[in-house]
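Close look at the chain arrangement
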Amino acid sequence: MKRIIVMLLKLIGLLIGLIALVLIGLIIHGTLTVYKPEAIKKLETTNSNKRITPLPDQLRFMIWNVGYCGLGKQMDFFYDGGKTVFGQKAWTETNLKQNANFMAQQQNVDFVLLQEVDRNSRRSYKINQYQKFNETLSQHTSTFATNYKVQFLPFPFNKPLGKILSGLASYAKYQPMESERYQFPGSYAWPKSNYLLKRCFLLQRFATQNGNQLVVINTHNSAYDSGGSLKKQEMEHLKNILEDEYAKGNYIVVGGDWNQIPTDFDNNTFKKTEEVYEQIPIP
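Because the structure is a prediction, the values reported are computed rather than measured. The numbers attached to residues start from 1 for each chain and follow its sequence in the written order. Local features in a predicted model are, by the rule used here, given only for residues with pLDDT of at least 70; side-chain atom pairs are given and counted only at 80 or more, and totals for whole chains, interfaces and linings are based on all residues. Side-chain numbers here rest on the full set of heavy atoms in the structure, without hydrogens or water.

1. A short note on the sheet that holds strand β3 (residues 61-65)
- Here five strands make up an open sheet; going across it, the order is β2-β5-β6-β4-β3 and the pairing mixed. Two strands bound the open sheet, and with one partner strand each, they are β2 (45-46) and β3.
- We call two strands paired when DSSP finds no fewer than two bridges between them. Helix numbering and strand numbering both begin at the N terminus, where a helix is a DSSP run of H or I of at least 4 residues and a strand a DSSP run of E of at least 2. Relative to strand β4 (residues 111-118), β3 runs parallel, the two sharing five bridges. Within β4, the position partnered with Phe61 by the bridge is Phe111.
- We call two residues in contact whenever any of their non-hydrogen atoms come within 4.5 Å of each other. For helices, the fitted line uses only the C-alpha atoms of the stretch in contact; every axis is such a line through C-alpha atoms, and the angle between N-to-C directions lies from 0 to 180 degrees. Each of β3 and β4 touches helix α2 (residues 89-104); the most contacted strand, β3, lies at about 170 degrees to it.

Below, the structure written as structure tokens:
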């Protein structure tokens, strides 16, 4: 009996050791492959065969977080208190098709600012959604800014999310003078920072008829931010840039997924059964 107990303890110890080794290996892999974007990075614009011409007086915008075409009505996402990690492939394909069909009806919209557009992610079955939307909005220029790039996300352990390559996609009926990715300040502590988004915004400049510029910004601010410290850092950083552009006499439009609420909005309007992150008002 004593020998059996000793053997069981050895097996348990071996199992614990193996789990520890796997966890350490995952953390080392995540640290060595972590995405480290520049503070400011110039971006390429595709379908850029348009001349830089002054914009008309009236402009139309469409702003949409497409949720990597996986967060449809069937999805109870585990990060929001649900149980599902990623939906069925058929759901993703249907959502992508319907999203593209809707965008095809918006060809007269001057600017389309999208968030959570996947290019090569396990959660969306490695479908290049950016390419699909490019084909749909073929009369627009297109620019992509990566904000989520992880070689392997081991969480949740029972069904890892795996590889993620996702970001912001900005479309315009006009040729931008410049397109840049701006990294937001702040980060989660290591090793959590290895596996989460590198929040950013995509800034583009367009010529206007009076010689000033229209600055169009596509943003996706932090969501799961306990206490709102990251959101506050991001908003202060964005504010400084906006004030600088305003001082130059430029026009500014910022659109995106703020993960915040308007100043006078009642946070209880859409009360959830479980509050998974703090909703703070935009200053």
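Now that the structure has been shown, the text picks up again.
2. Focus on the environment of Tyr148
- Along the polypeptide, Tyr148 turns up in strand β5 (residues 141-153).
- Judged by its relative accessible area of 6%, Tyr148 falls in the buried class.
- Once the C-alpha coordinates of Tyr148 and Leu165 are considered, the two residues, 17 residues apart in sequence, prove to be 5.6 Å apart.
- The residues contacting Tyr148, other than those within four sequence positions of it, are Arg123, Leu153, Ile164, Leu165, Ser166, Tyr195, Leu196 and Leu197.
- For the purposes of these results, a polar contact is taken to be a pair of N or O atoms within 3.5 Å, where, inside protein, one atom must be able to donate a hydrogen and its partner to accept one; residues adjacent in sequence count only when each atom of the pair is a side-chain atom. A polar contact of 2.9 Å, which involves the side chain of Tyr148, links it to the backbone oxygen of Tyr195. Exposure classes here rest on a 1.4 Å probe applied to the protein chains alone. A residue is buried below 20% of its type maximum, exposed above 50%, and partly exposed in between.

3. What to know about a nonpolar patch on the surface
- Residues enter patches when their relative accessible area tops 30% and they take part in no salt bridge; the joining distance is 9 Å for like charges and 5 Å for the nonpolar side chains Val, Leu, Ile, Met, Phe, Trp and Tyr. The protein chains shown are the only cover counted for residues, whose accessible areas, like all others here, come from Shrake-Rupley with a 1.4 Å probe. Note on definitions: salt bridges are taken to be side-chain nitrogens of Lys or Arg within 4 Å of carboxyl oxygens of Asp or Glu. Together, Ile4, Leu8, Leu11, Leu14, Leu18 and Leu21 make up an exposed nonpolar region whose accessible area comes to about 610 Å².
- With respect to the element layout, Leu11 can be found in helix α1 (residues 2-32).

4. A word on the state of the cysteines
- When the sulfur atoms of two cysteines come within 2.5 Å, that pair is taken as a disulfide. Throughout the structure, instances matching the rule amount to zero disulfides.
- For Cys69, which is in no disulfide, the shortest distance to another cysteine sulfur is to Cys200 and amounts to 19 Å.
- For Cys69, a relative accessible area of 1% translates into the label buried.
- Classification of Cys200 by relative accessible area gives buried; the value is 0%.

5. Some remarks on the pattern of salt bridges
- All told, the structure shown has seven salt bridges when counted by the stated rule.
- A salt bridge links Lys42 to Glu178; the shortest N-O distance between them is 2.7 Å. Taken together, the residues Lys42 in strand β1 (residues 40-42) and Glu178 in strand β7 (residues 178-183) connect sequence positions 136 residues apart.
- Owing to a relative accessible area of 56%, Lys42 belongs among the exposed residues under this scheme.
- Note that Glu245 and Arg205 form a salt bridge whose closest N and O atoms lie 2.7 Å from each other. One end of the pair, Glu245, is in helix α4 (residues 229-247); the other, Arg205, is in strand β8 (residues 200-207), with 40 residues separating them in the sequence.
- Overall, the relative accessible area of 3% leaves Glu245 in the buried class.
- Ionic contacts of the salt-bridge type, sharing partners, join the residues Lys42, Glu178, Glu180, Arg205, Asp244, Glu245 and Lys248 into one network.

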